[in-house]
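# Tertiary structure, described
Each chain, written out:
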Amino acid sequence: MTVNRLSRLLIELCWIHCVSAVLYSEYILAPKSKTLLPKSVYSLNGPVAKAHRLLSGDAATFTGVNTSVTFDFGKEIGGNINFNVDSFDGSSHSLAFTFTESSQWISPEFCDSVLGSTGRDPPMAFNITSKGYHASEKNVFRGGFRYLTVVSNSTGTIAISNLTVNFNAEPATPNPSAYTGYFHCDSEKLNRVWYAGAYTNQMCIIDPTQGDSLKKGFLADKVISNGTSVLVDGPKRSRMVWPGDIVVSAPSLYVSTGNYDAVRNALDSLLILQQSNGQLPYAGTPYQQGHSSETFLWSFTYHLYTLIVVYDYYIFTGDLDYIKEVWDQFKLALDYSISTIDSTGMALVTSGLGIYLANEVHDDTVVAEWAASRTSIQTAIIPFLWNSAAGLFRDKDTSSVTPQDGNSWAVISGLVNSTIASVISNSLAARWIRPYGAPAPEGGTTIAPFASGFELRAHYLAGNASRAVDLMSFMWADFMLDDPRMTNSTFLEGYSTDGSIRWAPYTTADSKISYAHGWSTTPTSALTNLAAGIRLTGPAGRSWIMQPRLGGLRNITAGFSTKLGAFTASYTQGGQMGEFETPAGTEGSFIFSLGPSYSKLQLKGPEGTLTSLNSSNDAMIASLPGGKYYVRFT
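Values in this document were obtained by computation on a predicted structure and should not be read as measured data.

### With respect to helix H4 (residues 260-271)
Taking 1.5 Å as the rise per residue, H4 with 12 residues should run 16 Å; its terminal C-alpha atoms sit 17 Å apart, in good agreement. Every buried residue of H4 is accounted for by Tyr260, Ala262, Val263, Asn265, Ala266, Leu267, Ser269, Leu270 and Leu271. For H4, the secondary structure elements touched by its buried residues are strand E12 (205-206), strand E13 (230-231), helix H3 (243-254), helix H5 (300-317), helix H6 (320-339) and strand E20 (556-562). Residue Asn259 occupies the N-cap position of H4, its side-chain oxygen lying 3.1 Å from the main-chain nitrogen of Ala262.

### Topic: the environment of Pro539
Examined against the element boundaries, Pro539 turns out to sit in the loop between strand E18 (534-536) and strand E19 (543-546). Pro539 sits 261 residues away from Gly278 along the chain, and the two C-alpha atoms are 26 Å apart. Residues contacting Pro539, with those up to four places away along its chain left out, are Tyr314, Ile315, Gly318, Tyr356, Glu360 and Leu564.

### Focus: the domain arrangement of the protein chain
One frequent convention defines the size of an interface as the accessible area lost when the parts assemble. In terms of domain boundaries, the protein chain breaks down into domain 1 (33-167), domain 2 (182-528) and domain 3 (535-633). Just the C-alpha atoms count here: the centres of domain 1 and domain 3 sit 52 Å apart.

### Examining unusual backbone geometry
For the bond running from Thr285 to Pro286, omega is 5°, close enough to zero to count as cis. Along the polypeptide, Pro286 turns up in the loop between H4 and H5. Cis geometry marks the peptide bond from Arg434 to Pro435; its omega dihedral reads 5°. Its location among the elements puts Pro435 in the loop between helix H10 (418-429) and strand E16 (446-447).

### Topic: the packing of aromatic side chains
Applying the stated rule across the entire model yields 43 aromatic pairs. The interplanar angle of 40° and the centroid separation of 6.1 Å between the aromatic rings of Tyr24 and Tyr182 together place this pair among those described as tilted. Remark: Tyr182 occurs in strand E11 (residues 182-185) and Tyr24 occurs in the loop between helix H1 (3-20) and strand E1 (35-36); sequence separation between them is 158 residues. Take Tyr182: its relative accessible area is 14%, and that puts it in the buried class. Between the aromatic rings of Phe590 and Phe592, the centroid separation amounts to 5.9 Å while the plane-to-plane angle is 15°, which identifies the pairing as stacked.

### Some points on the sheet that holds E18
On the basis of which strands lie adjacent, the open sheet formed by four strands has the order E18-E19-E23-E26 and mixed pairing. In this open sheet, the two edge strands, each paired with only one partner strand, are E18 and strand E26 (619-625). Adjacent strand axes in the sheet meet at a mean angle of 20°, parallel and antiparallel pairs treated alike. Note: strand E23 (residues 587-592) against E26, five bridges, orientation antiparallel.

### Things to note about the pairing of strand E21 (residues 565-572)
Successive residues of a regular strand alternate their side chains across the two faces of the sheet. Relative to E21, E20 is paired through seven bridges, and the arrangement is antiparallel. Each residue of the ladder has a partner; that of Ala558, found in E21, is Ala569. Hairpin connection of E20 to E21: two residues between the antiparallel strands. Direction of pairing for E21 relative to strand E22 (residues 577-581): antiparallel, over a ladder of five bridges. Paired with Thr568 across the two strands is Glu581, which belongs to E22.

### So, the environment of Met546
Tracing the backbone through its elements, the reader meets Met546 in strand E19. The spatial distance from the C-alpha of Met546 to the C-alpha of Gly533 is 5.2 Å, given a sequence separation of 13 residues. Residues within four places of Met546 in sequence aside, it is in contact with Gly533, Ile534, Thr568, Ala569, Phe580, Glu581, Thr582, Ser589, Phe590 and Ile591.

### Concerning the packing of H3 against H5
Close contact between H3 and H5 brings their axes to 8 Å; oriented N to C, the two are set at 15°. Comparing the axis directions of H3 and H5 gives the class roughly parallel. As H3 packs across H5, the resulting crossing turns out to be left-handed. Residues Pro243, Gly244, Ile246, Val247, Pro251 and Tyr254 of H3 form the contact with H5, whose participating residues are Tyr302, Tyr305, Thr306, Ile308, Val309, Asp312, Tyr313 and Phe316. In terms of residue class, the contact of H3 with H5 is built from 11 nonpolar, two polar and one charged.

Procedures and definitions
Starting from 1, residues in each chain are numbered consecutively following that chain's sequence as written. In keeping with the predicted nature of the model, local features appear solely for residues at pLDDT of at least 70, side-chain atom pairs appear and are counted solely at 80 or more, and the whole-chain, interface and lining totals rest on all residues. Calculation of side-chain values draws on the structure's entire complement of heavy atoms; hydrogens and water are dropped beforehand. Strands are runs of DSSP state E lasting at least 2 residues, helices are runs of H or I lasting at least 4, and numbering of each runs from the N terminus. One less than the residue count of a helix, multiplied by 1.5 Å, gives the span that helix is expected to have. Residue burial is assigned from relative accessible area. The probe radius is 1.4 Å, only protein chains are included, and a residue is buried under 20% of its type maximum, exposed over 50%, and partly exposed in between. In what follows, a contact means two residues having at least one pair of non-hydrogen atoms within 4.5 Å. Polar contact criterion, stated in full: a pair of N or O atoms within 3.5 Å, where within protein one must be able to donate a hydrogen and the other to accept it, and residues adjacent in sequence count only if both atoms are side-chain atoms. Domain start and end points were adopted from an automatic or database domain assignment. Put simply, two rings from Phe, Tyr or Trp (the six-membered ring, in Trp's case) pair if the centres are within 6.5 Å, and we call them stacked under 30 degrees between planes, edge-to-face over 60, tilted for the rest. Here, any two strands with at least 2 DSSP bridges between them count as paired. To obtain each axis, a line is fitted to C-alpha atoms, and for helices this fit is confined to the stretch in contact; angles are then taken between N-to-C directions over 0 to 180 degrees. Roughly parallel refers to an angle under 35 degrees, roughly antiparallel to one over 145, roughly perpendicular to one between 65 and 115, and oblique to any angle outside these ranges. Left-handed describes a crossing whose near helix is turned anticlockwise from the far helix by less than a right angle; the clockwise case is right-handed. Residue polarity follows a fixed list, in which Ala, Val, Leu, Ile, Met, Phe, Trp, Tyr, Cys and Pro are nonpolar, Asp, Glu, Lys and Arg are charged, and the others, Gly among them, are polar.

If you want it as structure tokens, here you go:
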């Protein structure tokens, strides 16, 4: 090889390394290796010699009954236990392991729980009869935990080494830390929130052959989908596909890790369970097992969430073949929803998204009916459900409850005008309970990050971005990450309005609560799509809108890729200056508001410099070809 050829090769290798390096990797919580060692010794009970040596794989010795050491992995992890037995007294020795996501459930006798109704789970026990390598079986493990307690339950001594966990989240991804998306701003709280949301969703991607067994303990052996990975509810508990979770977690995955396969496999597992009347399941396998068509478990909203997930999947992937494949099922499901519209003209129906997809597959047979149903709902909802004193909609005409989720969706769906949207945003924020979060009165004395995520989006869309920043900062960062009972890495599914880790729907055991739940990860997608303002409106970003909403942040940058290329945006000085870039061959719009501080926008792009003078209201520059643009407000 000549020197010139070698030089060119080295330059090319350096370039490949540089462009493939993950931006802001210091925030990524996912491990590079799937073999994990504990990070620190949390506590000791009894004579354990050199426990700290297990942190580097070396040996520690346990002496006597009920001798234990609790290790902290520093973040939520999950997987199979592996260890070596170097020596032990007698012909056998009893060794046990307990697991918990939260420090409040650390115990040498019990784990937290996966069912709740049967109490806390017993330890994972090993009867040691030989030296050498030991491990739990493939389908016997804890899918989510931060703390691991090792317990000697025999007299005499036992020495173990090489205590590791085989990380089994994201099974089809060799390096889970290789993100395709990124985010950064001048708020360290929000940076941590974005990446914790991304990691939470990674923990919720599992091997489809390791679904929930619906049994107490560690067995996870149900086949819940096709493929090599699938997006589920949570890693510890409810290792099943739930539409209410993936309607939140899928968009956050798309802008962070780009794992489309896990979402498609989840969708397929729901669609295969569709009933002949169009109903889609409340949850996937094995939740429906033992139920006939007469006892089919169904939820009106979860049925619609599945349809929203189909739409979002298409927008980010541009996979028209898939939409054509499932189109008849989509139509059947949406038609079923429309059939429930009663004499009041009301029902919660996602017909707007359906109309878009109908146009994409060139099916004009349903457009008129679906458009009419949307108009019917918009016309009927205010006189029937609006509570002017509360500034919110009631749950139904016979109820006084003003739900967090329903009111948020009234804004998100565009069902209400900007004036009512602003009123709803003000009224929802007035109910906040600091330092814990935004309550969901429809669930009792509950704070549900699932519903609070919808509220978060509603504040952005109602023009109150600073309110959204505030909510993420104190609820998701200060409480859900930094409270000492949390994993400091993932988001739990819910808690009480007094800050106790108690979830009103679970009346049997607080230890059942999941501390890594996909439905709690809205901030990851919201910060990219709404704060940085990168929003795809056509398949794979064929069309797009750039609309930054900094909400008091001084700097923000974000980006992700689709099959068409990279979509990036970066703004500084509180949004006064910035740039964004979209792939060639795409087309989109830039939406902006000059506000009281500026009188002119300059937008420099592939076709030269555009200058716009507008009022403080949102204004749009449309028909922008894909490329790089520079933004300056003066």
